[in-house]
Amino acid sequence: MEIIISILAGTLFATGIYNLLQKQMLRIIIGTVLISHGAHLFILTMGKLKTGAPPILIEGVKDYTDPLPQALILTSIVISFGITSLLLVLAYRTATENNTDNMEQLRGNEHE
């Protein structure tokens, strides 16, 4: 199970980096979202996936799930949602004021 999730996280990282290298602003934002989702899966995988084990210590339970990765992922999801919404608002404002979302055109001319 951990191998499949690791491959999925690597695929998300690869597609996220590919989208970060594009010229359109929306694709760059999608790339950051994909990288953050890949990081969530990576953190979850590092916590050793266990099914049916309680996340707290109870008497008589020898095998338990570590709740720290789940708490880190929950915090990371909230932060990535805030960053994504900020990036979308900034991209919308930039595209409406400059009439383009192409990063090459937004950089301007070297001679100006």
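Calculation rules
- Counting from 1, residues in each chain are numbered in the order their sequence is written.
- pLDDT decides what is reported in this predicted model: residues at 70 or higher carry local features, side-chain atom pairs at 80 or more are listed and counted, and totals for whole chains, interfaces and linings draw on all residues regardless.
- Note that water and hydrogens are dropped before the side-chain values are worked out from all heavy atoms of the structure.
- Joining through side-chain atoms within 4.5 Å is the link that ties buried Ala, Val, Leu, Ile, Met, Phe, Trp, Tyr and Cys residues into a set, and such a set is a nonpolar core.
- Relative accessibility thresholds used throughout: buried, under 20% of the residue-type maximum; exposed, over 50%; partly exposed, between the two (1.4 Å probe, protein chains only).
- Helix and strand labels come from DSSP, where a helix needs a run of H or I of at least four residues and a strand needs a run of E of at least two; each type is numbered from the N terminus.
- In this analysis, axes come from line fits to C-alpha atoms, helices being fitted only over the stretch in contact, and the angle between any two N-to-C directions falls in the range 0 to 180 degrees.
- Geometric relationships in this document are graded by angle, where less than 35 degrees denotes roughly parallel, more than 145 denotes roughly antiparallel, 65 to 115 denotes roughly perpendicular, and other angles denote oblique.
- Here, residues are in contact when the closest pair of their heavy atoms is within 4.5 Å.
- Put simply, a salt bridge is a Lys or Arg side-chain nitrogen that is within 4 Å of an Asp or Glu carboxyl oxygen.
- The predictor attaches a confidence to each residue, called pLDDT, with possible values from 0 through 100.
- In this scheme, patches are assembled from residues that exceed 30% relative accessible area and form no salt bridge. Like charges are connected within 9 Å, while nonpolar side chains (Val, Leu, Ile, Met, Phe, Trp, Tyr) are connected within 5 Å.
- Residue-level accessible areas treat just the shown protein chains as cover; the underlying method is Shrake-Rupley with a 1.4 Å probe.
- In protein, a polar contact means a hydrogen-donor-capable atom and an acceptor-capable atom, both N or O and within 3.5 Å, with residues adjacent in sequence counting only if both atoms are side-chain atoms; elsewhere, any N or O pair within 3.5 Å suffices.

## Focus on the nonpolar core
Inside soluble globular proteins, nonpolar side chains tend to come together where they are buried.
At step 1: Counting 5 residues, the largest nonpolar core is built from Ile-5, Ala-9, Leu-12, Leu-34 and Leu-41.
At step 2: In terms of residue count, the dominant contributor to this core is helix α1 (residues 2–20) (3 residues).

## A word on the packing of helix α2 (residues 25–46) against helix α3 (residues 68–98)
At step 1: Between α2 and α3, the shortest axis-to-axis distance is 10 Å and the interhelical angle comes to 180°. Regarding the angle of α2 to α3, the classification is roughly antiparallel. Residues Met-25, Leu-26, Ile-29, Thr-32, Val-33, Ser-36, His-40, Ile-43 and Leu-44 of α2 form the contact with α3, whose own contacting residues are Pro-69, Leu-72, Ile-73, Ser-76, Ile-77, Ser-80, Thr-84, Leu-87, Leu-88, Ala-91 and Thr-94.

## What to know about the pattern of salt bridges
At step 1: Applying the stated criterion across every chain yields a total of 2 salt bridges.
At step 2: Between Arg-93 and Glu-97 there is a salt bridge whose closest N-O contact spans 2.6 Å. Note that Arg-93 and Glu-97 are positioned in helix α3 at a spacing of 4 residues, about one turn of the helix. The same class applies to Arg-93 and to Glu-97, which are both exposed.
At step 3: Notably, a salt bridge pairs Glu-104 with Arg-107, separated by 3.0 Å at the nearest N-O pair.

## Looking at unusual backbone geometry
With the exception of glycine, most residues fall at negative phi, and the peptide bonds are largely trans.
At step 1: We note that Asn-99 has phi near 60°; this positive angle belongs to a residue other than glycine.
At step 2: Relative to the assigned elements, Asn-99 resides in the loop between α3 and α4 (103–107).
At step 3: Judged by its relative accessible area of 68%, Asn-99 is exposed.

## What to know about the confidence of the model for the protein chain
At step 1: Residues at a pLDDT of 70 or more form 97% of the protein chain, whose mean pLDDT is 87.
At step 2: α1 holds the highest mean pLDDT among the elements of the protein chain, 94, whereas α4 holds the lowest, 84.

## Structural notes on a nonpolar patch on the surface
At step 1: Together, Ile-17, Leu-20 and Leu-21 make up a nonpolar patch on the protein surface, roughly 290 Å² of accessible area in all.
At step 2: When you line up the elements, Leu-20 lands in helix α1.

## Description of the side chain of His-40
At step 1: Assignment of secondary structure puts His-40 in helix α2.
At step 2: Here the side chain of His-40 touches Ser-76 through a polar contact of 2.8 Å, side chain to side chain.
At step 3: For His-40, the residues in contact, after removing those within four places along its chain, are Ile-73, Ser-76, Ile-77 and Ser-80.

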